[in-house]
Amino acid sequence: MKDIKVQFRGVSKTYGALEVVQNVTFDIAEGDFVSLVGPSGCGKTTLMNMLAGFTSPSSGEVLLEGRPVTGPGPDRGVMFQEYGVFPWLTVEKNIRFGLNLSMHRGMPRAEKDQIVERYLELMRLKDFRNAWPKNLSGGMRQRLALARAYAANPHFMLMDEPFGALDAQTRSDMHDLLLGIMQAERKTALLITHSVDEAIYLSNRVLVISARPSRVLEEVEIPFAYPRNRDLLDDPEFIRLRRYLRDLVMKQYADQQALG
Amino acid sequence: MKWLAGGLWRLAPFVFVIAIWYLVRWSGLVAPGLLPAPHEVALTLVALLRGGSYLLDIWLSVQRVLLGLVFGMILAVPVGFMIGWNKQLRRFFDPLINFFRALPPIALIPLVIVYLGIGEVAKVAILFYASFFAAVIVMYEGMSQISPIYIKVSRTLGASDWEIFAKVIVPLTLPHVLTAARVALGVAWATLVAAELVAAQHGLGAVIQNASSFFNLKVIYAGIITIGFFALLMDSLLRALSRRFLAWQDSHAQ
Ligand SMILES: Nc1ncnc2c1ncn2[C@@H]1O[C@H](COP(=O)(O)OP(=O)(O)O)[C@@H](O)[C@H]1O
Ligand SMILES: [Mg+2]
């Protein structure tokens with residue numbers, strides 16, 4: 001049995017009269033890659049924010065290694081929907097930002113350089129190390145946000161629709177890049193996505209989230225072993241899972257549309 | 001070569017205005033006594049500069065503008081910063097600041113004379129007033145548009161409150177400080193003549209006012225052009241600073 005790292009225990013969240021999350025319970029184990037799939041506006045970001053430490057539950061609790069989350073911290077890297085790449089820093093300095101904070105004061109300069117180089121290389125940003133973010137494409141900014149988060153060496157990666165704005169080719173590139181890095185670094189991840197394909201391809205567990213208020217409708221184990229590659233997309237089991245999840249999710253989209 | 005071409009292009013609009021000026025004068029639409037020709041104004045300017053006291057006038061005006069601007073900015077940056085950061089404060093101060101900014105500085109002159117007399121302090125106070133209110137609005141409107149995402153990101157990377165201030169908030173504030181300085185500088189120069197209405201013996205505003213009592217149009221034009229020149233020069237310096245330090249911005253100050 002794997003170590004349980006994160007527990008959502010009967011978590012609810014209301015904003016004034018609006019009930020956004022309702023009695024959500026699930027676990028994330030060490031090394032898990034869990035995806036949340038559900039319609040826009042159903043409360044996925046709110047769920048993630050509670051684990052990231054930006055909001056707290058109205059009732060229930062979110063436990064991290066057994067203790068309630070009290071605020072954001074460097075153990076949980078976050079990739080926001082809007083990336084949040086620092087526009088006033090070059091690519092290289094963006095990646096270095098976390099390493100230059102006082103919490104890494106003891107780390108030798110050479111080691112920091114090495115980490116920065118590694119992520120410049122991995123995220124194929126080497127040729128752009130001195131570029132300003134304003135001159136980067138959407139895909140590059142996204143890789144930069146990922147590199148910056150990884151360089152700080154968090155235990156968990158929380159990603160909020162990180163690939164939503166990318167074209168199909170870049171998106172599938174990013175999937176493989178992400179799988180590679182997750183494999184190499186053994187992190188635990190929570191991904192929010194609209195795309196059932198993306199969720200199945202990347203995760204070992206997919207949670208289907210209902211129309212607002214968020215509830216966990218269904219937890220589906222994805223049985224494919226890592227490392228994975230694009231051949232998986234033609235696997236009959238993949239196709240079956242995709243059809244099954246799509247039907248579930250489509251139903252929730254319709255319900256959320258009705259909510260407006 | 002490219003540099004030279006760029007410089008010529010920058011001069012082109014001024015050449016254009018001077019050409020229009022000559023045209024108006026030669027067209028006979030305006031009595032020649034009411035509109036000196038550009039070269040006459042230029043000769044007057046040269047004579048003024050040779051005369052000696054004009055340099056003192058320039059120096060005093062530049063000094064007043066700079067003092068008003070610097071004191072205005074020293075107060076506007078922290079005040080604008082705090083108001084921009086806090087919605088409650090903003091709601092409270094916004095109408096007040098807009099009220100005071102809307103007052104023409106010239107209307108304050110009687111009060112300034114009553115409270116501060118007619119010395120340097122009074123003149124700088126008027127420029128300070130004008131600079132402060134112009135700058136503080138730019139500051140807090142800019143600050144209130146700063147997206148909280150960068151602060152959230154830096155928290156997840158492990159930044160302390162102090163680090164967030166120094167490494168995130170300061171760089172995000174800098175563009176607004178520079179914009180505020182540019183706006184305040186323009187306003188300060190625009191207020192200069194009014195400020196020098198306060199019994200100034202010297203200064204470009206005083207030169208213009210004295211010339212106007214003698215109906216000396218050439219000197220008035222020369223004074224106006226000098227003010228414009230120094231306003232433009234100081235603005236170019238601030239723009240150069242923006243280009244140097246704000247190259248990261250999407251469209252940095254043109
Ligand atoms: N801070 C907040 N205050 C009030 N309402 C909020 C706040 N954050 C989110 N909401 C509302 O909660 C609902 C769910 O939002 P969100 O979690 O962002 O959904 P999702 O990420 O699934 O699109 C939306 O209707 C949104 O308007
Ligand atoms: Mg969202």
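Keep in mind that what you see is a predicted model, and the values were worked out from it rather than measured. (Residues numbered from 1 in each chain as written. Chains lettered and ligands numbered in written order. Predicted model: local features only at pLDDT ≥ 70, side-chain atom pairs only at ≥ 80, totals over all residues. Heavy atoms only, no water.)

Section: the overall build of chain B
At step 1: Across its full length, chain B carries ten helices and zero strands.
At step 2: The secondary structure elements of chain B, listed N-terminal to C-terminal, are α-α-α-α-α-α-α-α-α-α.
At step 3: Here the C-alpha coordinates of chain B stretch approximately 70 × 55 × 35 Å along the principal axes.
At step 4: Scored against the burial criterion, the 254 residues of chain B give a buried share of 41%.
At step 5: A separation of at least 24 residues holds for 72% of the contacts in chain B among residues at least 6 apart in sequence.
At step 6: Counting only carbon and sulfur atoms, one obtains 73% of the accessible surface of chain B, whose full area is about 14,100 Å². (Helix = DSSP H or I, 4+ residues; strand = E, 2+ residues; numbered from the N terminus. Buried < 20%, exposed > 50% of the residue type's maximum accessible area, 1.4 Å probe, protein only. Contact = heavy atoms within 4.5 Å. Areas by Shrake-Rupley, 256 points an atom, 1.4 Å probe, with all protein chains shown as cover.)

With respect to the overall build of chain A
At step 1: Counting its secondary structure elements, chain A contains seven helices and ten strands.
At step 2: Taking 2.2 N^0.38 as the reference for a compact globule, 260 residues should give roughly 18 Å; the C-alpha atoms of chain A span a radius of gyration of 18 Å, in line with that estimate.
At step 3: Reported as C-alpha extents along the three principal axes, the dimensions of chain A are approximately 50 × 45 × 40 Å.
At step 4: Out of the 260 residues belonging to chain A, those deemed buried represent 55%.
At step 5: In chain A, of all internal contacts separated by at least 6 residues, the share reaching a separation of at least 24 is 69%.
At step 6: Of the roughly 11,200 Å² of accessible surface on chain A, a fraction of 49% belongs to carbon and sulfur atoms. (Rg over C-alpha atoms; globule rule 2.2 N^0.38 Å.)

Points about the nonpolar core
At step 1: One finds Phe8(A), Leu51(A) and Trp189(B) to be the most contacted residues of the largest nonpolar core, which totals 93 residues.
At step 2: The biggest single contributor to this core is helix H8 (residues 161-195) of chain B, with 14 residues.
At step 3: The next biggest cluster of nonpolar side chains, apart from the first, holds 51 residues, and it includes Leu144(A), Leu146(A), Val220(A) and Ile222(A). (Core = buried A, V, L, I, M, F, W, Y, C linked by side-chain atoms within 4.5 Å.)

Overview of the domain arrangement of chain B
All names here are of chain B.
At step 1: If you check the domain split of chain B, you get domain 1 (1-35) and domain 2 (36-253).
At step 2: A separation of 28 Å is found between the C-alpha centroids of domain 1 and domain 2.
At step 3: The interface of domain 1 with domain 2 comprises nine residues on the first partner and eleven residues on the second.
At step 4: When the two sides are added together, the surface that domain 1 and domain 2 hide from each other amounts to roughly 780 Å², 71% of it contributed by carbon and sulfur.
At step 5: Counting across the domain 1 and domain 2 interface gives one salt bridge.
At step 6: In this structure, the salt-bridge partner of Glu40 is Arg25, at a minimum N-O distance of 3.9 Å.
At step 7: For the interface between domain 1 and domain 2, the tally reads two residue pairs in polar contact (both at pLDDT 80 or more).
At step 8: Considered class by class, the residues forming the side of domain 1 that touches domain 2 number seven nonpolar, one polar and one charged. (Domains from an automatic or database assignment. Buried area = accessible area lost by both parts, 1.4 Å probe. Salt bridge = Lys/Arg side-chain N within 4 Å of Asp/Glu carboxyl O. Polar contact = N/O pair within 3.5 Å; in protein donor to acceptor, adjacent residues only side chain to side chain. Nonpolar A, V, L, I, M, F, W, Y, C, P; charged D, E, K, R; others polar.)

Some words on the interface of chain B and chain A
At step 1: Facing the 19 residues of chain B at the interface are 25 residues of chain A.
At step 2: Taken over both partners, the interface formed by chain B and chain A buries close to 2,000 Å², and the fraction arising from carbon and sulfur atoms is 72%.
At step 3: Three residues stand out in chain B for area buried against chain A, namely Thr156(B), Leu157(B) and Trp248(B), and they jointly supply 35% of the buried area on that side.
At step 4: The interface formed by chain B and chain A includes zero salt bridges.
At step 5: Connecting chain B to chain A are four residue pairs in polar contact (both at pLDDT 80 or more).
At step 6: Of all the elements in the fold, those that place two or more residues in the side of chain B that touches chain A are helix H7 (149-156) and H8 of chain B.

Some remarks on the packing of aromatic side chains
At step 1: Summed over all chains, the structure comprises 21 aromatic pairs over all chains.
At step 2: The interplanar angle of 35 degrees and the centroid separation of 5.5 Å between the aromatic rings of Trp21(B) and Tyr221(B) together place this pair among those described as tilted. Here Trp21(B) is found in helix H1 (residues 2-27), whereas its partner Tyr221(B) is found in helix H10 (residues 217-245), with 200 residues between them in sequence.
At step 3: A residue is classified by how much of its surface remains accessible, and Trp21(B), at 15% relative accessible area, is buried.
At step 4: Judged by relative accessible area, which is 27%, Tyr221(B) ranks as partly exposed.
At step 5: Members of the aromatic cluster, connected to one another through ring pairs, are Phe99(B), Phe100(B), Phe128(B), Tyr129(B), Phe132(B) and Phe133(B).
At step 6: Sitting over the face of the ring of Phe54(A), Lys152(B) holds its NZ or CZ atom 5.0 Å from the ring centroid.
At step 7: When the ring centre of Phe245(B) is taken as origin, the NZ or CZ atom of Arg244(B), which lies over that ring, is 4.9 Å away. (Phe/Tyr/Trp six-rings, centres within 6.5 Å; stacked < 30°, edge-to-face > 60°. Lys NZ or Arg CZ within 6 Å of the ring centre and 35° of its normal.)

Brief notes about the site of ligand 1
Residue and element names in this part refer to chain A.
At step 1: Surrounding ligand 1, one finds Tyr15, Leu18, Val20, Pro39, Ser40, Gly41, Cys42, Gly43, Lys44, Thr45, Thr46 and Arg212.
At step 2: Gly43 is positioned such that a nitrogen or oxygen atom in its backbone is 3.0 Å from an oxygen atom of ligand 1.
At step 3: In isolation ligand 1 has 560 Å² of accessible area, and contact with the protein removes 60% of it.
At step 4: When residues of the shell around ligand 1 are traced back to their parent elements, those giving at least two are strand E2 (18-29) and helix H1 (44-52).
At step 5: Residue contributions to the shell around ligand 1 peak at three residues, all from H1.
At step 6: Looking at side-chain class alone, the shell around ligand 1 contains five nonpolar, five polar and two charged residues. (Near = heavy atom within 4 Å.)

Here we look at H1(A)
Residues and elements named next belong to chain A.
At step 1: For H1, a buried count of eight out of nine residues is recorded, marking the element as mostly surrounded by other parts of the structure.
At step 2: Those residues of H1 that sit buried are Lys44, Thr46, Leu47, Met48, Asn49, Met50, Leu51 and Ala52.
At step 3: Once H1 ends, the next one or two residues include Gly53, with phi positive near 100 degrees.

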